[in-house]
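# Observations on the model geometry
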Protein chains: 2
Amino acid sequence: VRHPQDQHESIHMRPQIRDAVERLGNHKILEVVRLGAADPNIIPLWYGESDLPTPGFICKAAIDGIGAGETFYPPKRGLPSLRSAIAEHLQYLYGKPIGNDRVTVTSGAINAIMLTAQVIINPEDNVVVVTPAWPNPSAAVSVLGGVVRSVDLDIVDDKYQLDTEKLFAATDSRTRAIFVNSPNNPTGWTIGREQQRQILEFCKRRGLWLLADEVYTRLVQHSQAAPSFLEIAEPDDPLIVVGSFSKSYAMTGWRLGWLIAPAKVGAILDNLVDYNVSGVPLFVQRAGLSALLNGEEFVETMKAYCKHGLEIVSGKLEKLRRVQLVSSDCTFYAYFRVEGQQDTLAFAKRCASEFGVGLAPGVAFGPASEGWLRLCCGRSPLMLAEAMMRLERAILG
Amino acid sequence: VRHPQDQHESIHMRPQIRDAVERLGNHKILEVVRLGAADPNIIPLWYGESDLPTPGFICKAAIDGIGAGETFYPPKRGLPSLRSAIAEHLQYLYGKPIGNDRVTVTSGAINAIMLTAQVIINPEDNVVVVTPAWPNPSAAVSVLGGVVRSVDLDIVDDKYQLDTEKLFAATDSRTRAIFVNSPNNPTGWTIGREQQRQILEFCKRRGLWLLADEVYTRLVQHSQAAPSFLEIAEPDDPLIVVGSFSKSYAMTGWRLGWLIAPAKVGAILDNLVDYNVSGVPLFVQRAGLSALLNGEEFVETMKAYCKHGLEIVSGKLEKLRRVQLVSSDCTFYAYFRVEGQQDTLAFAKRCASEFGVGLAPGVAFGPASEGWLRLCCGRSPLMLAEAMMRLERAILG
């Protein structure tokens, strides 16, 4: 005979933390960062963060907002003026009108991705992710109990290339979304118009969501902005596009981004924002508004800064015999392979602790990315030059 | 014969938004707010928000942080100095040391609750919630696919009272946590030491999490702070306590709170913060630090302000024959029943649109709360007096 009490004792044995969350393990970039975040001698190129501070005119808008007493609850989906400005900015970049009702202001791009996961991912649903890709979107899917299926980019003639047949073949009846991050973090790969059309059509035909992370759209060399899915989609297409102020406006620490979705999802997002963070501080939104209204010149500065940074980094890497660097149009990261380094988590830790240069290990970007390393190029030329000398020693070491 | 294509067509028919999220329906408070948020003639008592702006010395700390260039990514679990200050503040309030490794800075209390839900709720798990309770914690459980079981407070001798036997009887083998919000939003009920002990012991014995929302701990009349579970728990007990700067320091719009958990959950929270919002802006954390270091006098001001507000509100409500108001020690809300008003969502909408006073409908706080209304008392005496005249007309009308 089992007494109720016995049952309860057996309950006591259950793990108190979800398997889905335990299994996530350590954030592989944070695992390296934790080693050396407090060490001022390490040159930190592990995060996707420029060392340029936020421009003064953007800071001033926030300070003015605080001074004006904007310390009360914000509208959940964002200030109407900021939502309009985001819509107008996207129209300026892509020449296609976006209704304000499609815009939600978020606590950075990752919050937009987490909100999306909450809207679409049931347990055991899967999302097909073009990899390499930064780890957080996949983690958001896992937190909701979903499954990530990676489809790796190929390297063809020293260029990254997506095989859409392979991508489509990875979907099945439990697929809820395809995730495309272009320009891609970490590889710099940028999707072209024809493949965008194929993927959007596929998603529409199959009733899948297309989740497009276009955070790096401005940091490309040969155009004002990378091709966006927004340019080819209709307002009600199953498309969610994520953007951010972090990279283009040197605003990583402000936690400010946006999400463009079909208007019919708006009411649900309004609620979900409330259940996650209850909105973004008004004065932070004022900073974003100023960035969009007055920031084009600064974006050009940032583009030139990253381009120069990439030139310094790739100039050195290309001279090192054991290094493979694949070229791309996007300038924010260098993503490279070091021959013989198959455990890049260990190598990145050694680079930080022994050589004083902080890199992100490839294993953070997908299972097939082991052997590669990511380095952020949006840093001062002097720092990058010093970092490359240290890295050379680590590689030759 | 079913062709693969047919299967795909059937996939096309699947709903594109999760049932779990559709079922949440509208946030019942937001549903009233949306009616009149833009109308300056409505006195807004629907949110839990004082009309006092954030004190200048707190704002100044944020402005100084921005001026000092604190515009880069924050440490995920918060500035070490703020984590220490939160630990010291709790020790000051409760006389028991809290290790810094138990403290995580969050984007407000709701973000702390959402993070907790992500750590502990598997689909179909349930959480037993003491109700009435503000809707967001239950919604967070639902977003993770969990099930909410309400256990209502009883009214005995004009006081709210929790029946712990009823509470424990509501748990079963799929229960993962008990959620207690005390001082309670909306009723003002405050749990006593003996029941805290019973619940903590029960949770330890059964291997359940005890999630305690203690956001209103300062806004009580007869003590410096309400009894906290932190006073009776050991560091490794399965206790998570949520706090916030919003109410005590008039910082609702800053989105800043904290979570106290066993140290062993720290690494998981570090990752999850990154996957949700990637931390709280440094300058917002500076504001919080200043609040804790210099804010005791302001907390006393806020306490007096709310107490005065509650006196104005209850003075009027007690004179209205059709109104039932249950007394409590907490001063931030008045929660009352209007005889004959069984559809308080409709009544709250009418109060807003026809009478110019914004209330939160009882149905937002749990299924058994229909018939009740919540009113925030942390507002200026003149506004409250005017609001009460309007409400009287609405009730008598």
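Keep in mind that this is a model prediction, so the values were computed, not measured.

## Here we look at the overall build of chain A
- Secondary structure assignment for chain A yields 14 helices and 15 strands.
- A globule of 397 residues ought to have a C-alpha radius of gyration of about 21 Å, and chain A, at 22 Å, matches this closely.
- Dimensions of chain A, computed from the C-alpha atoms along their principal axes, are close to 65 × 60 × 45 Å.
- Contacts spanning at least 24 positions in sequence make up 74% of the contacts within chain A whose residues lie at least 6 apart.

## Topic: the interface of chain B and chain A
- In this assembly, 83 residues from chain B lie in contact with 84 residues from chain A.
- Counting each side, the surface lost to burial between chain B and chain A is near 7,100 Å², with a carbon and sulfur contribution of 56%.
- In this assembly, chain B and chain A are joined by two salt bridges.
- One salt bridge connects R34 of chain A with D270 of chain B, and the closest N-O pair in it is separated by 2.7 Å.
- The interface formed by chain B and chain A contains 38 residue pairs in polar contact (both at pLDDT 80 or more).

## Side note on the relation of the copies chain B and chain A
- For the match of chain B to chain A, the screw axis carries a shift of 0.0 Å, the RMSD comes to 0.0 Å, and the turn is 180°. What we have between these two chains is a two-fold relation.
- Take the interface residues of chain B: 100% of them recur as interface residues in chain A, which is what a same-surface contact looks like.

## Details of the sheet that holds strand β11 (residues 323–325) of chain A
All names here are of chain A.
- Taken together, the four strands give an open sheet; going across it, the order is β11-β12-β15-β14, and neighbouring strands pair in antiparallel fashion. The open sheet has two free edges, formed respectively by β11 and β14 (360–361), since each of these has just one partner strand.
- In this structure, β14 lies alongside strand β15 (residues 372–376), joined through two bridges in antiparallel fashion. Bridged to P361 within β15 is L373.
- Strands in contact with helix α12 (residues 296–317) are β11, β12 (333–338) and β15; relative to β12, the strand with the most contacts, it is inclined by about 15°.

## Focus: the environment of F336 of chain B
All names here are of chain B.
- Counting through the fold element by element, F336 comes out in strand β12 (residues 333–338).
- Expressed as a C-alpha distance, the spacing of F336 and E318, which sit 18 residues apart in the sequence, is 9.9 Å.
- Residue contacts for F336: discarding those within four places in its chain leaves L317, V323, Q324, L325, L359, G371, W372, L373, L375 and L391.

## Here we look at the nonpolar core
- Membership of the largest hydrophobic core comes to 294 residues, with the highest contact counts inside it found for I199 of chain A together with I199 of chain B.
- Ignoring sequence-local partners within four residues, the contact set of I199 of chain A consists of L162, T164, L167, F168, I178, V180, I191, L210 and F229 of chain A.

## Observations regarding the packing of aromatic side chains
All names here are of chain A.
- Applying the stated criterion to the full structure yields 20 aromatic pairs over all chains.
- Where F245 meets Y249, the ring centres are 5.9 Å apart and the plane angle is 40°; that geometry is what we call tilted.
- Taking the relative accessible area as the measure of exposure, Y249 reaches 2% and is therefore buried.
- Between the aromatic rings of F245 and W258, the centroid separation amounts to 5.3 Å while the plane-to-plane angle is 90°, which identifies the pairing as edge-to-face. One end of the pair, F245, is in the loop between β9 (239–244) and β10 (257–260); the other, W258, is in strand β10, with 13 residues separating them in the sequence.

## A look at the confidence of the model for chain A
- Chain-level pLDDT for chain A is 94 on average; 96% of the residues reach the 70-or-more range.
- Interface predicted TM-score (ipTM) for the complex: 0.95; the corresponding pTM is 0.96.

## Focus on the environment of V284 of chain B
- Inspection of the secondary structure puts V284 of chain B in helix α11 (residues 282–294).
- In the structure, V284 of chain B is positioned 51 residues away from A233 of chain B in sequence and 30 Å away in space, judged by C-alpha atoms.

## What to know about the pattern of salt bridges
All names here are of chain B.
- The tally for this structure, following the rule as stated, stands at 34 salt bridges over all chains.
- A salt bridge links R193 to E231, with the nearest nitrogen and oxygen atoms 2.9 Å apart. Of the two residues, R193 sits in helix α9 (residues 193–206) while E231 sits in the loop between β8 (209–213) and β9 (239–244), which places them 38 residues apart along the sequence.
- The class for R193 is partly exposed, based on a relative accessible area of 28%.
- K307 is paired through a salt bridge with E311; the nearest N and O atoms lie 3.4 Å apart. Of the two residues, K307 and E311 are both situated in helix α12 (residues 296–317); the distance of four residues between them amounts to about one turn of the helix.

## Remarks on the side chain of S138 of chain A
Residue and element names in this part refer to chain A.
- Relative to the assigned elements, S138 resides in helix α7 (residues 135–143).
- For S138, a relative accessible area of 18% gives the class buried.
- Contacts of S138, omitting those with residues within four sequence positions, involve V129 and V148.

## Side note on the sheet that holds strand β4 (residues 147–152) of chain A
Residue and element names in this part refer to chain A.
- The strand order β2-β10-β9-β8-β7-β3-β4 describes an open sheet built from seven strands, whose pairing is mixed. Each of the sheet's edge strands pairs with one partner strand only, and the pair in question is β2 (103–106) and β4. For this sheet, the mean inter-axis angle between neighbouring strands, taken without regard to orientation, is 20°.

## With respect to helix α13 (residues 344–355) of chain A
Residues and elements named next belong to chain A.
- Every buried residue of α13 is accounted for by T344, L345, F347, A348, C351 and A352.
- For α13, the secondary structure elements touched by its buried residues are α3 (28–36), β12, β13 (357–358), β14, β15 and α14 (381–396).
- With a side-chain oxygen lying 3.4 Å from the backbone nitrogen of L345, the N-terminal cap of α13 falls on D343.
- Count one or two residues on from α13 and you reach G356, which has phi positive near 75°.

## Brief notes about the pairing of β2 of chain A
All names here are of chain A.
- Burial along β2 is two-sided: V103 and V105 and T104 and T106, pointing in opposite directions, are all buried.
- Where β2 and β10 come together, four bridges link them in antiparallel fashion. Considered in β10, the bridge of T106 is made with G257.

## Regarding the state of the cysteines
- Summed over all chains, the structure comprises zero disulfides over all chains.
- In this model C376 of chain B remains outside any disulfide bridge; the closest cysteine sulfur is found in C377 of chain B, 6.5 Å from its own.

## What about the packing of helix α10 (residues 266–276) of chain A against helix α6 (residues 108–120) of chain B?
- Between α10 of chain A and α6 of chain B, the shortest axis-to-axis distance is 6 Å and the interhelical angle comes to 90°. The orientation of α10 of chain A with respect to α6 of chain B, classified from their angle, is roughly perpendicular. The segment α10 of chain A lies against α6 of chain B, with D274, Y275 and N276 of chain A engaging I110, N111 and M114 of chain B.
- Taken together, the residues of the contact of α10 of chain A with α6 of chain B break down into three nonpolar, two polar and one charged.

## Some details on helix α7 (residues 135–143) of chain B
All names here are of chain B.
- Judged by how many residues are buried, α7 sits mostly within the fold: nine of nine residues are covered.
- Along α7, the residues that are buried comprise P135, N136, P137, S138, A139, A140, V141, S142 and V143.
- Count one or two residues on from α7 and you reach G145, which has phi positive near 85°.

## Focus on the packing of α3 of chain A against α13 of chain A
Residues and elements named next belong to chain A.
- Two numbers describe how α3 lies on α13: the axes approach to 9 Å, and their chain directions differ by 25°. One finds that α3 runs roughly parallel with respect to α13. Considering only the axes of α3 and α13, their crossing is right-handed. Touching K28, E31, V32 and L35 of α3 are L345, A348, K349 and A352, all from α13.
- Along the lines of polarity and charge, the residues of the contact of α3 with α13 split into five nonpolar, no polar and three charged.

Conventions we followed
- Residues numbered from 1 in each chain as written.
- Chains lettered and ligands numbered in written order.
- Predicted model: local features only at pLDDT ≥ 70, side-chain atom pairs only at ≥ 80, totals over all residues.
- Heavy atoms only, no water.
- Helix = DSSP H or I, 4+ residues; strand = E, 2+ residues; numbered from the N terminus.
- Rg over C-alpha atoms; globule rule 2.2 N^0.38 Å.
- Contact = heavy atoms within 4.5 Å.
- Buried area = accessible area lost by both parts, 1.4 Å probe.
- Salt bridge = Lys/Arg side-chain N within 4 Å of Asp/Glu carboxyl O.
- Polar contact = N/O pair within 3.5 Å; in protein donor to acceptor, adjacent residues only side chain to side chain.
- Least-squares fit on C-alpha atoms with pLDDT ≥ 70 in both.
- Pairing = 2+ DSSP bridges.
- Axes fitted to C-alpha atoms, helices over the stretch in contact; angles between N-to-C directions.
- Core = buried A, V, L, I, M, F, W, Y, C linked by side-chain atoms within 4.5 Å.
- Buried < 20%, exposed > 50% of the residue type's maximum accessible area, 1.4 Å probe, protein only.
- Phe/Tyr/Trp six-rings, centres within 6.5 Å; stacked < 30°, edge-to-face > 60°.
- pLDDT = per-residue confidence, 0-100.
- Disulfide = S-S within 2.5 Å.
- Parallel < 35°, antiparallel > 145°, perpendicular 65-115°, else oblique.
- Nonpolar A, V, L, I, M, F, W, Y, C, P; charged D, E, K, R; others polar.
- Left-handed = near helix turned anticlockwise from the far one by under 90°.

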